[in-house]
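# Reading the structure
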Number of protein chains: 2
Amino acid sequence: MMKYETVANDLKGKISGGTYAANSQLPSMGELCDMYGVSKITIKKAMDELEQAGLITRRRGSGSFVKKVIPQSNKLSNYELSSQMMGFCGEHSNTGEKVESVVHDFSVICPPSDVAECLGMDEDQFAYHIIRVRLADGKPLAIEYTYMPIDVIPDLRKKTLYASIYEYIEGDLGLKIDSAHRIVRAVMPTAEECDWLSITEDEPLLEIEQVGYLDDGTPFEYSVSKHPDSYEFRSISSK
Amino acid sequence: MMKYETVANDLKGKISGGTYAANSQLPSMGELCDMYGVSKITIKKAMDELEQAGLITRRRGSGSFVKKVIPQSNKLSNYELSSQMMGFCGEHSNTGEKVESVVHDFSVICPPSDVAECLGMDEDQFAYHIIRVRLADGKPLAIEYTYMPIDVIPDLRKKTLYASIYEYIEGDLGLKIDSAHRIVRAVMPTAEECDWLSITEDEPLLEIEQVGYLDDGTPFEYSVSKHPDSYEFRSISSK
DNA sequence: AAGTGGTCTAGACCACTTC
DNA sequence: AAGTGGTCTAGACCACTTC
């Protein structure tokens, strides 16, 4: 076993064991070098592993932080491995298409307990509840059901929903979006969803359940998006 | 722009431009150090990028090789980014479940032209065609439609299909499976598939189209698998 | 100014493949 | 034995954040 693996495994154990609690800061790379008696690059590589596994986030100039992590599903399903994926960019158009939104709900509520748990909220705390249909060049591409804690993303206005919430978060609020944990499924649309997406009831949808994290490890978004037909989800697996 | 990015971009250009052709070997790390005037770790990091992007595979002791890459879909779909995913382990049981297979077809044919293209085959070359239903503890978890070139995976027998083809490839043939490129969609089952999976016609399936690569960059498998209900596809995206 | 993580070097040593 | 990629070091320097 390589040194970086030894360090990574030890740190994983200490995170799941609670020595390093959710949202807490890890020792700096220099301190970890001393603690494990290895060089900085070895620590770096070990922390790369933790980041890939979705356990921590890192901020240059600030430090590394333990993520508040998704509750594990108890489905005996996915016998293929959990996975790691790069390329998070919200849902900006990257092909010059014109992206619009139709807002079907925008309210502040106490989220269901499973959503609250994903977001690290108490059950009596408030979150925005947003239902949007996203269109590219007038064609419906997705329905998004989103919850965001009001104290993590303050002062969200309806106007922002027609543009990009992510730009509001990164631009106006000066926060940094770091990563997302996703689960993909196939589902059938409801009657309402057929209406919103202009599809028939026999067209399946690709559902993506997602928890988004800021760069300090705080979950800022729980969302379920459902995509018709033309949507594909691509990935490259290695090793 | 960091040095490793400069190197990575240059190499990407030379791969897509044909200077380094599919299945050819890249210069060694030492040679690349000299060519770019940078240290070995910088070259390593640049090549990590290429590997993540699915462009090359690397073999300790042998060298780095350009992959024969998936033809790009011309769908204007997935406006989220293409992605990178770790954790390829065939479909072994990792939870102690008993995995079985029902073989519905096992023949040798000339594959359709799009499949041949993915596998880097001429249209008049032969491939195995396999249809299997995979069961875990007696419960149907997937249908797999698989093509494998007979000259890449020689002497495949029906007996192997009831166990793990991957174990045959890695164990008996001594080849090494390196990576897979995947596309995920939601689809409806055919009548035949409902029968095989013991589901009704209104249950959507998660479809995973996949090209598998050996560690020398050779595509060895084109497969489409379709999963009912209980299957989930997980990923963690970063940055 | 002090502290953080990120990049980079030059070189050592190792694991593995090929001949 | 020679060549490949992978790990690791000790230290320099940089970009960025926090105070």
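Residues numbered from 1 in each chain as written. Chains lettered and ligands numbered in written order. Predicted model: local features only at pLDDT ≥ 70, side-chain atom pairs only at ≥ 80, totals over all residues. Heavy atoms only, no water.

## Details of the overall build of chain A
Here is the rule: Per the convention used, a helix needs a DSSP run of H or I reaching at least four residues, while a strand needs a run of E reaching at least two, with both numbered from the N terminus. Residues count as neighbours in contact if any of their non-hydrogen atoms are within 4.5 Å of one another. Under the convention used here, a 1.4 Å probe and the Shrake-Rupley method define accessible areas, while residue burial counts only the protein chains that appear.
Within chain A, the regular secondary structure consists of seven helices and 10 strands. Contacts spanning at least 24 positions in sequence make up 59% of the contacts within chain A whose residues lie at least 6 apart. Accessible area of chain A: about 11100 Å², with a carbon and sulfur share of 50%.

## Looking at the protein's contact with DNA strand D
The condition that has to hold: Residues are labelled near a given molecule or strand when at least one of their non-hydrogen atoms is within 4 Å of it. Think of a polar contact as two N or O atoms within 3.5 Å of one another; within protein, one of them needs to be a possible hydrogen donor and the other a possible acceptor, and neighboring residues in sequence only count if both atoms come from side chains. In this count, Pro and Cys sit with the nonpolar residues alongside Ala, Val, Leu, Ile, Met, Phe, Trp and Tyr, while Asp, Glu, Lys and Arg are called charged and the others, Gly among them, polar.
Surveying the vicinity of DNA strand D reveals 27 residues, the closest of which are Lys3, Ser39, Thr42 and Lys45 of chain A together with Lys40 of chain B. For DNA strand D, the fraction of atoms within 4 Å of the protein that belong to sugar or phosphate moieties is 74%. Within the contact set of DNA strand D, a phosphate oxygen lies 2.5 Å away from a side-chain nitrogen or oxygen of Ser39 of chain A. Every element with two or more residues in the surface near DNA strand D is listed here: helix H1 (3-16) and helix H3 (40-52) of chain A together with helix H3 (40-52), strand S1 (56-59) and strand S2 (63-66) of chain B. Here the surface near DNA strand D takes four residues from H3 of chain A, the largest share from any one element. A per-class count over the surface near DNA strand D returns six nonpolar, 10 polar and 11 charged.

## Here's the deal with the protein's contact with DNA strand C
Near DNA strand C you find 27 residues, and of these Lys40 of chain A together with Lys3, Ser39, Thr42 and Lys45 of chain B are the closest. Each atom of DNA strand C within 4 Å of the protein belongs either to a base or to sugar and phosphate, the latter forming 75%. Between DNA strand C and Tyr4 of chain B there is a distance of 2.9 Å, counted from a phosphate oxygen to a side-chain nitrogen or oxygen. For DNA strand C, a phosphate oxygen lies 2.4 Å from a polar atom in the side chain of Thr42 of chain B. Elements supplying a minimum of two residues to the surface near DNA strand C: H3, strand S1 (56-59) and strand S2 (63-66) of chain A together with helix H1 (3-16) and H3 of chain B. If one sorts the elements of the surface near DNA strand C by residue count, H3 of chain B sits on top with four residues.

## Quick notes on the domain arrangement of chain A
All names here are of chain A. The criterion, for reference: Each domain span listed reflects an automatic or database assignment of domains. Throughout, buried area stands for the accessible area (probe radius 1.4 Å) lost by two parts on being put together, summed over both. By convention in these notes, a salt bridge is any Lys or Arg side-chain nitrogen within 4 Å of a carboxyl oxygen on Asp or Glu.
Once the domains are mapped, chain A shows domain 1 (3-66) and domain 2 (76-228). Taken residue by residue, the interface counts six residues in domain 1 and eight residues in domain 2. Between domain 1 and domain 2 the total buried area reaches about 630 Å² when both faces are included, carbon and sulfur atoms providing 44% of it. The largest contributions to the domain 1 side of the interface with domain 2 come from Gln52, Thr57 and Arg59, which together make up 59% of the buried area. Linking domain 1 with domain 2 are one salt bridge. For Arg59, the salt bridge goes to Asp215, with nearest N and O atoms at 3.8 Å. At the junction of domain 1 and domain 2, the tally comes to one residue pair in polar contact (both at pLDDT 80 or more).

## Some thoughts on the packing of aromatic side chains
Residue and element names in this part refer to chain A. Just so we agree on the cut-off: The rule is short: rings of Phe, Tyr and Trp, with Trp giving its six-membered ring, pair when the centres are within 6.5 Å, and they are stacked under 30 degrees, edge-to-face over 60, tilted in between. Each residue's exposure class comes from its accessible area (1.4 Å probe, protein chains only) as a fraction of the maximum for that residue type: buried when under 20%, exposed when over 50%, partly exposed otherwise. Counting as a charge over the ring demands two things of the Lys NZ or Arg CZ atom: a distance within 6 Å of the ring centre and an angle within 35 degrees of the ring normal.
Evaluated as defined, the whole model comprises seven aromatic pairs over all chains. Seen from their ring centres, Tyr166 and Phe220 are 6.2 Å apart, and the 70 degrees between their planes marks the pair as edge-to-face. Of the two residues, Tyr166 is situated in helix H6 (residues 165-172) and Phe220 in strand S9 (residues 219-227); the sequence distance between them amounts to 54 residues. The same class applies to Tyr166 and to Phe220, which are both buried. Cation over ring: Lys67 sits above Tyr213, and NZ or CZ is 4.7 Å from the ring centre.

## Overview of the pairing of strand S10 (residues 233-238) of chain B
Across the six residues that make up S10 of chain B, a large majority, six, are buried. Side-chain alternation along S10 of chain B places Phe233, Ser235 and Ser237 of chain B on one buried face and Arg234, Ile236 and Ser238 of chain B on a second face that is also buried.

## Things to note about unusual backbone geometry
Residue and element names in this part refer to chain A. Phi at Asn23 is positive, roughly 70 degrees, even though this residue is not glycine. Here Asn23 shows up in the loop between H1 and helix H2 (29-36). For Asp137, which is not glycine, the phi dihedral falls at a positive 50 degrees. For Asp137, a relative accessible area of 55% gives the class exposed.

## Some remarks on H1 of chain A
Residues and elements named next belong to chain A. Worth spelling out the cut-off: Multiplying 1.5 Å by the residue count of a helix minus one yields the expected span of that helix. Think of it as the arc spanned by the lines of direction from the helix axis to the C-beta atoms.
The end-to-end C-alpha separation of H1 is 20 Å, in line with the 20 Å expected for 14 residues at 1.5 Å each. Along H1, the positions that sit buried rather than exposed are Val7, Ala8, Leu11 and Ile15. Here the buried residues of H1 occupy an arc of 100 degrees about the axis, which is enough to place them on one side. Residues of H1 that are buried make contact with H2, H3, S1 and S2. Following H1 by one or two positions, Gly18 has its phi on the positive side, about 95 degrees.

## Considering the environment of Lys159 of chain A
All names here are of chain A. Take Lys159: it is sitting in helix H5 (residues 158-161). Residue Lys159 is classed as exposed on the basis of its relative accessible area of 73%. The spatial distance from the C-alpha of Lys159 to the C-alpha of Val103 is 9.9 Å, given a sequence separation of 56 residues.

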